[in-house]
Amino acid sequence: MTRVRVTIPYLMEKKVKHEQISMMTCYDYPMALLQEKAGIDIILCGDSLGMTVYGYQGTLPVTMDMMVVHSAAVKRGAANSFVIGDMPFLSYQVSPQEAVRNAGRLMKESNVDCIKLEGGAVAVEAVKYIVNAGIPVMGHLGLTPQSTSALGGFKAQGRSAEAAYRIIEDAAALEAAGVCSILLEAIPPEVAKIITAESKVPIIGIGAGIHCDGQLLIVHDMLGFFDRFVPKFVKKYADMNGVILAALNQYKEEVEKGLFPAKEHCYGMPDEELSKLKNMLHILTV
């Protein structure tokens with residue numbers, strides 16, 4: 001049966017019906033195919049690829065060129081999921097006009113369904129310009145990785161009454177600016193519950209508790225691919241590092257012992273052709 005294509009109205013309907021929305025990161029075509037088959041609602045090609053794919057210490061080195069290439073690959077593999085492309089650092093902070101230009105490029109060249117950017121009140125002007133250009137926007141509040149230097153590292157946010165109030169205000173400001181959804185990262189569940197109840201757009205949580213309209217995990221975290229550090233909110237559903245390492249070790253051992261390739265891995269040559277070749281070689285060596 002053909003899968004229904006996920007759209008903004010589809011996601012809004014799930015919020016109204018209190019049906020949970022599944023969201024996951026993805027950075028390449030093979031993983032996108034699997035997530036499409038699994039029926040993941042939203043796929044985020046996040047700038048987290050800076051750490052999970054490229055090995056950087058954070059997301060700041062990620063460029064527009066990188067996001068365009070990876071987002072396009074993801075969308076090719078997941079035609080029916082709602083694919084979001086992340087706006088990297090300094091692609092939208094310089095000016096609203098620059099924000100629209102980069103958001104438009106990401107949409108046009110990657111064929112994604114939406115873009116995501118970080119920030120609350122400071123990002124409202126950029127959000128308005130982008131939305132007015134006809135480009136859907138997902139907001140991102142709480143722990144915003146592009147601002148970790150200002151935040152003092154990868155730390156939970158909104159744990160004081162004043163900080164929580166600012167996040168709640170920022171969520172309202174983003175919604176008023178026209179975002180189609182908001183991602184809340186590493187904030188107390190009580191704060192996320194208030195935002196989810198008051199918002200008319202889907203609220204997705206990553207480390208924000210059970211009360212959101214949906215949940216996001218980094219695919220490399222939940223599959224056990226990335227173990228440089230594991231946030232508290234991550235649940236590991238598999239240990240792919242262990243599986244892959246075991247396979248690599250077995251391959252190396254079989255190569256060194258002459259066990260691979262075996263006969264079944266080779267292309268056979270008919271006896272008559274082999275005999276003909278030997279005769280040809282004999283003529284050549286005479």
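Note that the structure is predicted; figures quoted are calculated from it, not measured. (Residues numbered from 1 in each chain as written. Predicted model: local features only at pLDDT ≥ 70, side-chain atom pairs only at ≥ 80, totals over all residues. Heavy atoms only, no water.)

**A look at the pairing of strand β1 (residues 21-25)**
Within a regular beta strand, the side chains point alternately toward one face of the sheet and then the other, so they alternate between its two faces. Of all 5 residues in β1, 4 are buried, a share of seventy percent or more. Pairing analysis gives 4 bridges linking β1 to strand β8 (residues 214-217), with the strands arranged parallel. Paired with Met24 across the bridge in β8 is Leu217. Read as a crossover between parallel neighbours, the route from β1 over helix α2 (residues 29-38) to strand β2 (residues 42-45) is right-handed. (Buried < 20%, exposed > 50% of the residue type's maximum accessible area, 1.4 Å probe, protein only. Helix = DSSP H or I, 4+ residues; strand = E, 2+ residues; numbered from the N terminus. Pairing = 2+ DSSP bridges. Right-handed = clockwise from strand over helix to strand, strands pointing away.)

**Notes on the layout of surface pockets**
If you add up the space inside the largest pocket, you get close to 630 Å³. Lining of the largest pocket is provided by 33 residues; of these, Leu143, Glu185, Ala186, Pro231 and Phe233 occupy positions nearest its centre. Across the lining of the largest pocket, the residue classes break down as 17 nonpolar, 7 polar and 9 charged. Volume-wise, the second largest pocket comes out at about 540 Å³. Lining the second largest pocket we find 27 residues, and of these Glu118, Gly119, Gly120, Val122 and Ser147 sit closest to its centre. For the lining of the second largest pocket, the elements supplying multiple residues, two or more each, are α6 (124-132), β5 (137-142), α7 (148-151) and α8 (161-177). For the lining of the second largest pocket, the element with the highest residue contribution is α8, accounting for 4 residues. Split into classes, the residues belonging to the lining of the second largest pocket amount to 13 nonpolar, 10 polar and 4 charged. (1 Å grid on protein atoms, 1.4 Å probe; cavity = no way out; pocket = protein on both sides within 12 Å on 5 of 7 lines; lining within 4 Å. Points joined across faces, edges and corners; volume = space filled by probe spheres on them. Nonpolar A, V, L, I, M, F, W, Y, C, P; charged D, E, K, R; others polar.)

**Overview of α2**
Among the residues making up α2, those that are buried are Met31, Ala32, Gln35 and Glu36. With its buried residues spanning 140° around the axis, α2 presents them on a single face. In α2, the exposed positions that point more than 90 degrees away from the buried face belong to Pro30, Leu34 and Lys37. Taken together, the buried residues of α2 touch β1, β2, α4 (64-77) and α10 (219-222). In this structure Asp28 caps α2, since a side-chain oxygen of it lies 3.0 Å from the backbone nitrogen of Met31. (Arc of directions from axis to C-beta. Contact = heavy atoms within 4.5 Å. Polar contact = N/O pair within 3.5 Å; in protein donor to acceptor, adjacent residues only side chain to side chain.)

**Quick word on the nonpolar core**
One finds Ile115, Leu117, Ile182 and Leu184 to be the most contacted residues of the largest nonpolar core, which totals 70 residues. Counting residues per element, this core draws most heavily on α8, which supplies 6 residues. When residues no more than four places from it in sequence are discounted, the contact partners of Ile115 are Ile84, Gly85, Met87, Ala103, Leu106, Met107, Ile130, Ile135, Pro136, Val137 and Met138. (Core = buried A, V, L, I, M, F, W, Y, C linked by side-chain atoms within 4.5 Å.)

**Thoughts on the sheet that holds β5**
The parallel closed barrel is built from 8 strands, whose spatial order is β1-β2-β3-β4-β5-β6-β7-β8. Each strand of the sheet is rotated relative to its neighbour by a mean of 25°, with strand direction disregarded. Here strand β6 (residues 181-185) runs beside strand β7 (residues 203-206); their pairing, made up of 4 bridges, is parallel. Counted as the bridge partner of Leu183 is Ile204 from β7. (Axes fitted to C-alpha atoms, helices over the stretch in contact; angles between N-to-C directions.)

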